[in-house]
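# Chain and residue survey
Read off the chains here:
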Amino acid sequence: MQHTRSRMEKSALVFIVLLAGTFGAIADNATETATTSETTTGGGMAGSTPTSTPGLKSTASLAPTPPRPSSVSKKEEDKPKDKVEMGCPPLGLESLRVDDTQIQASSFQRFGLGPHRGRLNIQSGIEDGDLYDGAWCADYKDRHQWLEVDALHLTRFTGVILQGRNTIWRRDWVTSYKVQLSNDSISWKSSMNATQEAIFEGNGDGESPVLALLPVPVVARYIRINPQSWYPDGDICLRAEILGCRLDEPQESISSAQEGRSKDNLDFRHHNYQEMRKLMKSVAEECPDITRIYTIGKSYMGLKLYVMEMSDHPGKHELGEPEFRYVANMHGNEVLGRELVLNLMQYLCREYKRGNRRVVRLITETRIHLLPSMNPDGYEIAYNKGSELAGWGEGRYTYEGIDLNHNFPDLNTILWDAQEIAEDPSKVPNHYIPIPEYYTKEDAMVAAETRAVISWMEDIPFVLGANLHGGELVVTYPYDGTEGWAPQANTPTPDNSFFRWLATVYASTNLAMANPERRLCHTDDFQVYNNIINGGAWHHVPGSMNDFSYLHTNCFEVTVELSCDKFPHASELPIEWENNKESLLLFMEQVHRGLKGVVRDKESKKGIEDAVIKVEDHGHDIRTAADGDYWRLLNPGDYKVVAWAEGYLPAVRHCHVGMEPRATVCDFTLMQTPVQRLKEIRAKGGKIPQDLQLRLRALRLRKLRASTKAINQRREGRRMQREQARKARSTSLRL
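Basis of the calculations
Residues numbered from 1 in each chain as written. Predicted model: local features only at pLDDT ≥ 70, side-chain atom pairs only at ≥ 80, totals over all residues. Heavy atoms only, no water. Pairing = 2+ DSSP bridges. Helix = DSSP H or I, 4+ residues; strand = E, 2+ residues; numbered from the N terminus. Buried < 20%, exposed > 50% of the residue type's maximum accessible area, 1.4 Å probe, protein only. Axes fitted to C-alpha atoms, helices over the stretch in contact; angles between N-to-C directions. Parallel < 35°, antiparallel > 145°, perpendicular 65-115°, else oblique. Left-handed = near helix turned anticlockwise from the far one by under 90°. Contact = heavy atoms within 4.5 Å. Nonpolar A, V, L, I, M, F, W, Y, C, P; charged D, E, K, R; others polar. Polar contact = N/O pair within 3.5 Å; in protein donor to acceptor, adjacent residues only side chain to side chain. Core = buried A, V, L, I, M, F, W, Y, C linked by side-chain atoms within 4.5 Å. Salt bridge = Lys/Arg side-chain N within 4 Å of Asp/Glu carboxyl O. Disulfide = S-S within 2.5 Å. Phe/Tyr/Trp six-rings, centres within 6.5 Å; stacked < 30°, edge-to-face > 60°. Lys NZ or Arg CZ within 6 Å of the ring centre and 35° of its normal.

## Thoughts on the sheet that holds strand 22 (residues 612–615)
Reading across the sheet, the 4 strands line up as 23-22-25-26 and stay open at both edges, with antiparallel pairing between neighbours. A strand with exactly one partner marks an edge of an open sheet, and here the two such strands are strand 23 (622–623) and strand 26 (651–657). The pairing of strand 22 with strand 25 (residues 637–644) spans 4 bridges and is antiparallel. Paired with Val615 across the two strands is Val641, which belongs to strand 25.

## Details of the pairing of strand 25
Here strand 25 shows a clear split, with Gly637, Tyr639, Val641 and Ala643 buried on one side and none of Asp638, Lys640, Val642 and Trp644 buried on the other. Examined bridge by bridge, strand 25 and strand 26 share 7 bridges and lie antiparallel to one another. The residue of strand 26 that forms the bridge with Tyr639 is Cys655. Between the end of strand 25 and the start of strand 26, which pair antiparallel, lie 6 residues, with Gly647 showing a positive phi angle near 85°.

## Some points on the packing of helix 6 (residues 357–365) against helix 14 (residues 573–589)
Relative orientation of the contacting elements helix 6 and helix 14 amounts to 45°, with a least axis distance of 11 Å. Taken together, the axes of helix 6 and helix 14 are oblique relative to one another. Seen from above, helix 6 lies across helix 14 with left-handed handedness. Along its contact with helix 6, which presents Arg358, Arg361 and Leu362, the element helix 14 presents Glu582, Leu585, Leu586, Met588 and Glu589. Looking at the contact of helix 6 with helix 14, its residues break down into 4 nonpolar, no polar and 4 charged.

## Thoughts on the sheet that holds strand 14 (residues 304–310)
In spatial order, the strands read 13-14-16-15-17-20-18-19; together these 8 strands make up an open sheet with mixed pairing. A strand with exactly one partner marks an edge of an open sheet, and here the two such strands are strand 13 (291–298) and strand 19 (532–534). Here the strands of the sheet are splayed against their neighbours by 20° on average, with no regard to which way each runs. Lying over the sheet, helix 13 (residues 545–552) contacts strand 15 (323–328), strand 17 (462–469), strand 18 (474–477) and strand 20 (556–561), oriented at roughly 170° with respect to strand 20. Along the sheet, helix 14 makes contact with strand 15, strand 16 (367–371), strand 17 and strand 20, crossing strand 15 at roughly 145°.

## Quick notes on the side chain of Ser107
Among the secondary structure elements, Ser107 is positioned in the loop between strand 3 (103–105) and strand 4 (136–137). Ser107 sits in the buried class, given a relative accessible area of 9%. Of note is the side chain of Ser107, whose polar atom sits 3.0 Å from the backbone nitrogen of Asp139. At a separation of 2.6 Å, a polar atom in the side chain of Ser107 contacts the side chain of Gln145. Aside from chain neighbours lying at most four places away, what touches Ser107 is Trp136, Cys137, Ala138, Asp139, Tyr140 and Gln145.

## Focus on the nonpolar core
Tyr326 and Trp456 are the most contacted members of the largest nonpolar core, which has 97 residues in total. Looking at this core element by element, the count peaks at 9 residues for helix 5 (residues 336–354). Those residues in contact with Tyr326 that lie beyond four places of it in its chain are Val341, Leu344, His369, Leu370, Leu371, Ala466, Leu468, Tyr506, Ser583, Leu584, Phe587 and Met588. Core analysis: the next-biggest nonpolar cluster, separate from the first, contains 29 residues, Trp136, Ala138, Val218 and Leu238 among them.

## Details of the pattern of salt bridges
As enumerated under the stated definition, the model contains 33 salt bridges in all. With its nearest N and O atoms 2.6 Å apart, the salt bridge here joins Asp133 to Arg110. Of this pair, Asp133 sits in the loop between strand 3 and strand 4 while Arg110 sits in the loop between strand 3 and strand 4, and the two are 23 residues apart along the sequence. Accessibility expressed as a relative area gives 27% for Arg110, which makes it partly exposed. A salt bridge links Glu197 to Lys178; the nearest nitrogen and oxygen atoms lie 2.8 Å apart. Taken together, the residues span a long stretch of sequence, with Glu197 in strand 9 (residues 196–197) and Lys178 in strand 6 (residues 174–182) at a distance of 19 residues. The same class applies to Glu197 as to Lys178, namely buried. A cluster of three or more residues bridged by salt bridges with shared partners is formed by Arg110, Asp133, Lys141, Arg165, Arg170, Asp172 and Asp235.

## Some words on the environment of Leu340
By secondary structure assignment, the location of Leu340 is in helix 5. With sequence-adjacent residues up to four places away left out, Leu340 is seen in contact with Leu562, Glu576, Trp577, Asn580 and Leu584.

## Observations regarding the state of the cysteines
Scanning the model with the defined rule gives 5 disulfides in all. There is a disulfide in this structure between Cys137 and Cys237, and the S-S distance comes to 1.9 Å. Because the sign of the S-S torsion sets the handedness, a value of about 115° for the bond joining Cys137 and Cys237 places this disulfide among the right-handed ones. With Cys137 in strand 4 and Cys237 in strand 12 (residues 237–246), this pair connects stretches of sequence that are 100 residues apart. Overall, the relative accessible area of 0% leaves Cys137 in the buried class. Residue pairing for Cys287: its cysteine sulfur links by disulfide to Cys349, the two sulfurs lying 1.9 Å apart. Given an S-S torsion of about 85°, the disulfide between Cys287 and Cys349 has right-handed geometry. Taken together, the residues Cys287 in the loop between helix 4 (273–286) and strand 13 and Cys349 in helix 5 connect sequence positions 62 residues apart. Accessibility classification places Cys287 together with Cys349 in one group, the buried group.

## Re the environment of Lys263
The residue Lys263 is located in the loop between helix 3 (253–258) and helix 4 in this model. Taking C-alpha positions, Lys263 is 8.8 Å from Glu578, a pair spaced 315 residues apart along the chain. In this view, Lys263 contacts Glu578 and Lys581; residues no more than four positions away in its chain are not counted.

## With respect to the packing of aromatic side chains
Applying the stated rule across the entire model yields 22 aromatic pairs. With a centroid separation of 5.0 Å and 75° between ring planes, the pair formed by Trp456 and Phe462 is classed as edge-to-face. Residue Trp456 is classed as buried on the basis of its relative accessible area, which comes to 3%. Pairwise contacts between aromatic rings join Trp416, Tyr479, Phe498, Phe499, Tyr550 and Phe556 into one cluster. The cationic tip of Arg338 hangs over the ring face of Tyr379; the distance from NZ or CZ to the ring centre is 3.5 Å.

## Here we look at the packing of helix 10 (residues 448–459) against helix 13
Viewed as axis vectors pointing N to C, helix 10 and helix 13 meet at an angle of 30°, and their least axial separation amounts to 11 Å. Between helix 10 and helix 13, the angle is such that the two are roughly parallel. Between helix 10 and helix 13 lies a crossing whose hand is right-handed. Between helix 10 and helix 13, the contacting residues are Val453, Ile454, Met457 and Glu458 on the first element and Met545, Phe548, Ser549 and His552 on the second. Residues that form the contact of helix 10 with helix 13 fall into these classes: 5 nonpolar, 2 polar and 1 charged.

Written as structure tokens, this is what we have:
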């Protein structure tokens, strides 16, 4: 059948659709549809004799949107306005709600190209031919091949989204197909376009998803995709998502109504830029005493990067109170983190007002910063396509085409190069590594969004944070970059044990990650690592935000890959909130582990800014904030801690970190060096105290003795050299 129809056929289709919409409610219960065609179970053969199959019904009257042509044009897909109405939500091939056992096929080339791999946006392994390839591929090239999905329940099917094979080596995709439906997986009927079997337009490349809506929604349990044509010289390969609404049986209505719901009455939908602003404003108005909205900069296209601060004293850093941040939507098409952060704002506000002790404690003891979208330009691109039609990469990058997670300064290489050439690597500065000069130039390829976040990091003394991504189910921890830029290599930080603890806290309480029955998302089985992994051991990520945060500031940060599906359908947001709620709260509470304290000047009692806190046997130091307070994240144990600052004598304390989820207070008082005190007294025109005079005299005496010893050593060295030279000359004369 041709993909384009004559005017007569279109007119007939419109007439039939109108009739169906008018009389469908009656016909749905009184008659069976006669506009379908029965085919053999081996596949969808064109030209089969039309018959009627008991129980398979047209549901045009139930369709939420008017029936439309069977394929969506590119022009319609590219409309900036919210997308194409898909009618029913996805069954869940991409999100893994559909189990592998529910997917079958007529044939497949090998296990790695089996029916279980025919899921929308599934990614292949590094090499074609392994167990995790990028599609279902039929073993034969004929029109009898099919991919079948069992919805388990009666379902009103409304459409199919198709994608080709994920591979860089081949061109394998389906260019047209039929859709067949059944209630028993034995007798099949094709979706009809008026009086003919509908032929749906497939793909023109391997990655772009193409939506096809059924001319008339059909109620059935099973659905098949039956390819009719495919790319020349390619194989029959596809990835798919099925759109359908479950029709509950009476006895199942109660449980089904509760399925996929959350007890928290939050705004579970996708929010574009304007809607995000409205939601944040509504939260601020609901809880004005504990919220503050501020911006840290603008995107390339001028969209503001909004942050919600939540604290009992918003807008102010309180002495001894740690700062925490969640950053989401760094990749514009990874949207679940964005919605979770927006939900978290609402939840914290409402639970604080209800007097929830846990939330009240978090708000009063922590200054929380929530950045829902670091890449609003990319998000708008993905949002305008829609949750299932954005594909794997559309909207990922900024408007300029920059990957923000590779856009931060590569301080790892600077550190490792310095340690390699140093005589004593332990003397190389291991924290607050400065930004290299090349990165600060005007022509440097640094995104406006990256510059804004770096400035934000330097303004606020963050202690802990998480970067929320999507496309996998795993928590990664630094370093993300590998030495020598190896593709994969375990590259731990000096704080590896605590980073593993942080990652475990989130992964072990995340309901999706912790589910032992879940299957892997794409190719990596992270369950063997308890759903946590060193970033470099997964894959090399130079210039990551996590590594920069660790090496340039005090902040420890991990990456959370929240879902196999980068852009889950709005219907899945309530269950995703339930999957992540406890993890989000518990992870924030980890900011109160380890040591905290204030480093003060002995004389003035004022806090000392930029004092260095060094933990013995830990090759990573931190510094105090502007008021002299610090937070050093550590696992339980006993530690020898040294605090020192320029112009002060160092101080040492032995501090114990317990198992309790609260930080141990470990304050320091530093005494200025005599020279520093002398400078300050002279600057004020004051009189030098006697104790300082005695200390200065003792200091000068020590310096004199040290310099005298050094001079004598040099003299003795020169004398020995002369003596050796004299002996050498005497020996040569004798010979």
